Amino acid sequence: MHLAYPAVLAALLFCTGLYGVLARRNAILVLMSVELMLNAVNLNLVAFDVWLSRAAEETLHSGQALTLFTIAIAAAEIGIGLAIVLAVYRTRGTSDIDRLRDTAEGHESDTPDTDTAATGPGTEKAEATA
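Note that the structure is predicted; figures quoted are calculated from it, not measured.

(A) Looking closely at the overall build of the protein. For the protein, the helix and strand inventory stands at six helices and zero strands. Ordered by position from the N terminus, the helices and strands of the protein form the series α-α-α-α-α-α. Counting across all 130 residues of the protein, residues that qualify as buried make up 18%. Of the contacts made within the protein by residues no fewer than 6 positions apart, 56% connect residues no fewer than 24 positions apart. Surface accessibility of the protein: about 9700 Å² in total, with carbon and sulfur atoms responsible for 64%.

In structure tokens, the structure reads:
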């Protein structure tokens, strides 16, 4: 098998993942797209490892070892990422990335602050004299 076949497949997977990261609004779909991109990199690592091992006298299979390391890191990343997304969904009620970005920048001022409504101008003077 030629090196071009897995390289083209990996490029298609990576482009699909990149489109998913840039176009999706749901955080879980973004995590799935990142996994697609990592799998494309893994496919390239294994394909080039096999291609280079045919040309070289010694076969170290370092690409396959690096692929196993990448799979382990990706599993940890998806576990932590999913836990963060679930925690944010429980507190905010949404996993929409645009809404989460707006609340992080402080644009969520729809509700009045209850602390300033409870305190009036007389309470500051009373605290200053006490």
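There's more to say after this.
(B) The layout of surface pockets, seen in detail. Of the volumes computed, that of the largest pocket is approximately 190 Å³. Surrounding the largest pocket, Met1, His2, Leu3, Pro6, Leu43, Val46, Ala47, Val50, Trp51 and Arg54 form its lining. It is helix α2 (residues 27-55) that provides the largest number of residues to the lining of the largest pocket, a total of six residues. Here the lining of the largest pocket is composed, by residue class, of eight nonpolar, one polar and one charged.

(C) Seen up close, the packing of α2 against helix α3 (residues 62-92). For the pair α2 and α3, the least separation of the axes is 9 Å and the interaxial angle reads 175°. Here α2 is positioned roughly antiparallel relative to α3, judged by the angle of their axes. Residues of the contact of α2 with α3, tallied by class, amount to 14 nonpolar, seven polar and three charged.

(D) Highlighting α3. In this model α3 runs 44 Å from its N-terminal to its C-terminal C-alpha over 31 residues, within 8% of the 45 Å that 1.5 Å per residue would give. Among the residues of α3, those classed as buried are Gly63, Thr67, Thr70, Ala74, Gly81 and Val85. Of the surrounding secondary structure, the elements contacted by the buried residues of α3 are α2. Just beyond α3, the residue with positive phi is Gly93, at close to 85°.

(E) Inspection of helix α1 (residues 4-23) at higher detail. When the terminal C-alpha atoms of α1 are compared, their 28 Å separation across 20 residues agrees well with the 28 Å that a helix rising 1.5 Å per residue should span. Listing the buried residues of α1 in full gives Pro6, Ala10, Gly17 and Gly20. Each buried residue of α1 lies within a common arc of 85° when the element is viewed along its axis, so the set occupies one face. Seen from the open side of α1, the exposed residues pointing more than 90 degrees away from its buried face are Leu12, Tyr19 and Leu22.

(F) The arrangement of the side chain of Asn42 in detail. By the element assignment, Asn42 lies in helix α2. We classify Asn42 as buried; its relative accessible area is 7%. Setting aside anything within four residues of it in sequence, one finds Asn42 in contact with Thr67, Thr70 and Ile71.

(G) Representation of the side chain of Thr70 within the structure. Turning to its location among the elements, Thr70 is positioned in helix α3. Residue class for Thr70 comes out buried when judged on its relative accessible area of 15%.

(H) Up close: the pattern of salt bridges. One pass over the full model with this rule turns up one salt bridge. The shortest N-O distance in the salt bridge between Arg25 and Asp98 comes to 3.1 Å. With Arg25 in the loop between α1 and α2 and Asp98 in helix α4 (residues 97-104), the pair connects residues that are 73 residues apart, well separated along the chain. The partly exposed category is assigned to Asp98, whose relative accessible area is 26%.

About the cut-offs
- Throughout this description, residue numbers start from 1 for each chain and increase along the sequence as written.
- In keeping with the model being predicted, local features are shown solely for residues with a pLDDT of at least 70 and side-chain atom pairs are shown and tallied solely at 80 or more, while totals for entire chains, interfaces and linings include all residues.
- Hydrogen atoms and water are omitted, and side-chain values are computed over all heavy atoms in the structure.
- Numbered from the N terminus, helices here are DSSP runs of H or I no shorter than four residues, and strands are runs of E no shorter than two.
- A 1.4 Å probe rolled over the protein chains alone gives each residue an accessible area, and that area as a share of the maximum for its type sets the label: buried under 20%, exposed over 50%, partly exposed in between.
- In this description, contact between two residues means that some pair of their heavy atoms is separated by no more than 4.5 Å.
- Residue burial considers only the protein chains on display, and all accessible areas are found by Shrake-Rupley using a 1.4 Å probe.
- In the cavity and pocket records, a cavity denotes points on a 1 Å grid over the protein atoms alone where a 1.4 Å probe fits but cannot get out, a pocket denotes an open set with protein on both sides within 12 Å along at least 5 of 7 lines, and lining residues are residues with an atom within 4 Å of a point.
- Grid points are joined across faces, edges and corners, and a volume is the space filled by probe spheres set on the points.
- Three classes are used: nonpolar for Ala, Val, Leu, Ile, Met, Phe, Trp, Tyr, Cys and Pro, charged for Asp, Glu, Lys and Arg, and polar for all others, with Gly counted as polar.
- In this description, a line fitted to the C-alpha atoms serves as the axis of each element, helices being fitted only across the stretch in contact, and the angle between N-to-C directions of two axes falls anywhere from 0 to 180 degrees.
- To sort the angles, those under 35 degrees are grouped as roughly parallel, those over 145 as roughly antiparallel, those from 65 to 115 as roughly perpendicular, and the leftovers as oblique.
- One less than the residue count of a helix, multiplied by 1.5 Å, gives the span that helix is expected to have.
- Working definition: the arc comes from the directions between the helix axis and the C-beta atoms, pointing outward to the latter.
- Just to be clear on terms, a salt bridge is a Lys or Arg side-chain nitrogen sitting within 4 Å of an Asp or Glu carboxyl oxygen.

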